[in-house]
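Secondary and tertiary structure notes
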Amino acid sequence: MNHFIRTCCTALVLLAAGGAAAQQPIVIKFSHTTTPDTPKGKGGEYFKKLVEERTKGRVRVELYPNSTLYKDKEEMEALQLGAVQMLAPSPAKFGPLGVKEFEVFDLPFIFDDYAELHKITQGPVGRELLRKLEPKGALGLAFWDNGFKQMTANRPLKAVTDFKGLKMRIQSSKVLDSQMRAIGAIPQILAFSEVYPALQTGVVDGTENTASNIYTQKMHEVQKYLTVSDHGYIGYAVIVNKRFWEGLPPDLRATVDGALQEATQYVSEIAKKENDDALEAIRKSGKTQVITLTPQERAEWKKAMLKVHKEMEARVGKELIQSIYRETGFDPNKL
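As a convention, each chain's residues are numbered from 1 in the sequence order in which they are written. Whole-chain, interface and lining totals are the exception, using all residues; otherwise, since this is a predicted model, local features are given only for residues with pLDDT of at least 70 and side-chain atom pairs are given and counted only at 80 or more. Side-chain numbers here rest on the full set of heavy atoms in the structure, without hydrogens or water.

Here we take up the nonpolar core. In this description, a nonpolar core means a group of buried Ala, Val, Leu, Ile, Met, Phe, Trp, Tyr and Cys residues linked to one another through side-chain atoms lying within 4.5 Å. Type-normalised accessible area, obtained with a 1.4 Å probe on protein chains alone, sets the label of each residue: buried when under 20%, exposed when over 50%, and partly exposed for intermediate values. Membership of the largest hydrophobic core comes to 38 residues, with the highest contact counts inside it found for Phe94, Phe102, Val104, Phe105, Leu107, Phe111 and Ile239. The numbering of helices and of strands both runs from the N terminus, where a helix is a DSSP run of H or I of at least 4 residues and a strand a run of E of at least 2. At the level of secondary structure, the elements contributing two or more residues to this core comprise helix 3 (72-81), helix 4 (114-121), helix 5 (124-131), strand 4 (138-153), helix 6 (174-182), strand 9 (233-241) and helix 14 (318-328). Here this core takes 4 residues from helix 14, the largest share from any one element. Whether two residues are in contact is decided by their heavy atoms, any of which lying within 4.5 Å being enough. Apart from residues lying up to four places away in sequence, leucine 107 is in contact with Val175, Val308, His309, Met312 and Ile321. By size, the runner-up hydrophobic cluster in this structure holds 26 residues, among which are Val59, Leu139, Trp144 and Val267.

Turning our eyes to something else, we now look at helix 3. Considered for burial, the residues of helix 3 that qualify are Asp72, Glu75, Met76, Ala78 and Leu79. In an axial view of helix 3, the angular spread of the buried residues amounts to 160°, which keeps them on one side of the axis. Of the residues in helix 3, the exposed ones pointing more than 90 degrees away from the buried face are Lys73 and Leu81. This arc is built from the directions going out from the helix axis to the C-beta atoms.

Position of leucine 87 among the secondary structure elements: in strand 3 (residues 86-87). Between the C-alpha atoms of leucine 87 and glutamate 116, which are 29 residues apart in sequence, the distance is 25 Å. The residues touching leucine 87, leaving out its near neighbours within four places in the chain, are Phe30, Ser31, Glu75, Met76, Leu79, Ala237, Val238 and Ile239.

Checked against the element boundaries, leucine 141 lands in strand 4. A relative accessible area of 16% places leucine 141 in the buried class. Through-space distance from the C-alpha of leucine 141 to that of aspartate 331 is 30 Å; in sequence the pair is 190 residues apart. Apart from residues lying up to four places away in sequence, leucine 141 is in contact with Met86, Leu130, Val238, Val240, Trp245, Leu260 and Gln261.

Right, let's talk about the confidence of the model for the protein chain for a bit. pLDDT is defined as a per-residue confidence score from the predictor, taking values between 0 and 100. Within the protein chain, residue pLDDT values average 92, and 93% of them lie at 70 or more. Predicted confidence is poor over residues 7-21, with pLDDT under 50, and the contacts of this stretch with residues over four places away or in other chains come to 0 contacts.

A word on the pairing of strand 2 (residues 59-64). Sheet topology note: the strand 1 (residues 26-31)/strand 2 ladder contains 6 bridges and is parallel. Within the sheet, the bridge partner assigned to isoleucine 26 lies in strand 2 and is valine 59. Read as a crossover between parallel neighbours, the route from strand 1 over helix 2 (residues 39-54) to strand 2 is right-handed. A pair of strands counts as paired when DSSP detects no fewer than two bridges linking them. With its strands directed away from the observer, a crossover is right-handed exactly when the path from the first strand over the helix to the second travels clockwise.

Another aspect to go through is the side chain of aspartate 106. Within the fold, aspartate 106 resides in the loop between strand 3 and helix 4. Despite being buried, aspartate 106 has no salt bridge partner; lysine 149 is the closest side chain of opposite charge, sitting 5.0 Å away. In this structure the side chain of aspartate 106 is engaged in a polar contact, spanning 2.9 Å, whose partner is the side chain of serine 173. Beyond its immediate stretch of four places on either side in the chain, aspartate 106 contacts Ala92, Ser173, Val175, Leu176 and Gln179. His residues and chain termini do not enter the charge count, which takes Lys and Arg as positive and Asp and Glu as negative. By definition here, a salt bridge exists when the distance from a side-chain nitrogen of Lys or Arg to a carboxyl oxygen of Asp or Glu is within 4 Å. Residues adjacent in sequence count toward polar contacts only when both atoms are side-chain atoms; beyond that, a polar contact is any pair of N or O atoms within 3.5 Å, and within protein one must be able to donate a hydrogen and the other to accept it.

Right, let's get into unusual backbone geometry. A negative phi angle is the norm for most residues apart from glycine, just as the trans form is the norm for most peptide bonds. A positive phi is found at serine 67, a non-glycine position, where the angle reads about 60°. As for its position among the elements, serine 67 is in the loop between strand 2 and helix 3. Look at serine 67 and you get buried, because its relative accessible area is 14%. Unusually for a residue other than glycine, aspartate 230 sits at a positive phi of about 50°. Within the secondary structure, aspartate 230 is located in the loop between strand 8 (225-228) and strand 9.

This is how it looks when you write it as structure tokens:
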């Protein structure tokens, strides 16, 4: 009888433990490299809020902004190993993985505005690009905007010749390397978290980034000039670990995906305003002189950088570049 009672008690304890375990929420670790007050940071916060509300706590999103968990070079491997479940890296990060087509977003002056951009990121070309990540153990779920890039340096940048000899920080991208060389600059690859001290100490002379990234990372405090050029685009591909995503219960996966699509729309709506506000804050700080290019000066930049499109055809795919031209109406022969 005592043995029977002990057996029953053990069974009840195990059952209770199993029930408690069943109540443990599924955790999505979402790591990224920007601060919480950037479009990506705010998108992450909004996504977390929607997921946790709609799943009633069955899924918890843990946000790790500003490279607090992994830096640029580490985060992709962490996702593939399952150490994190979600990332939002810039498309340039996929080149080292062997998915070079994403570097098409780095081509200078390939998009003139958000309307042209969204024809790609929200259309069939973008969906086909996201599918290319599956063999790498990742699933691409959406594109998030950051915005269009500006140039900064400690000398005024107006004419193309002003770049000659400048050490300019870039992300790890063959396209961006080619872009800087096309205007006479010397490209320097640095992780995002290392840019401010490199600018501060003169390891690099300047950089390119969105106004929101420049302002929130305080780069404007160690750069005398910012040129509003809108010459390139920075965005992010929101990706998840494939095994984790496919292992989610179907109802939860649908709920999380719905939250992500809504967060994507939210980021699209705030990105331009965030950058406009950041540019105005930089201007008001008095620490950086903001230069606006004339139409003729911008045309000179565009003409100098356009050869990068041709140079990168073999790397990112001539047909992909042509498909973007067709979608956006861009005609390089008219420059």
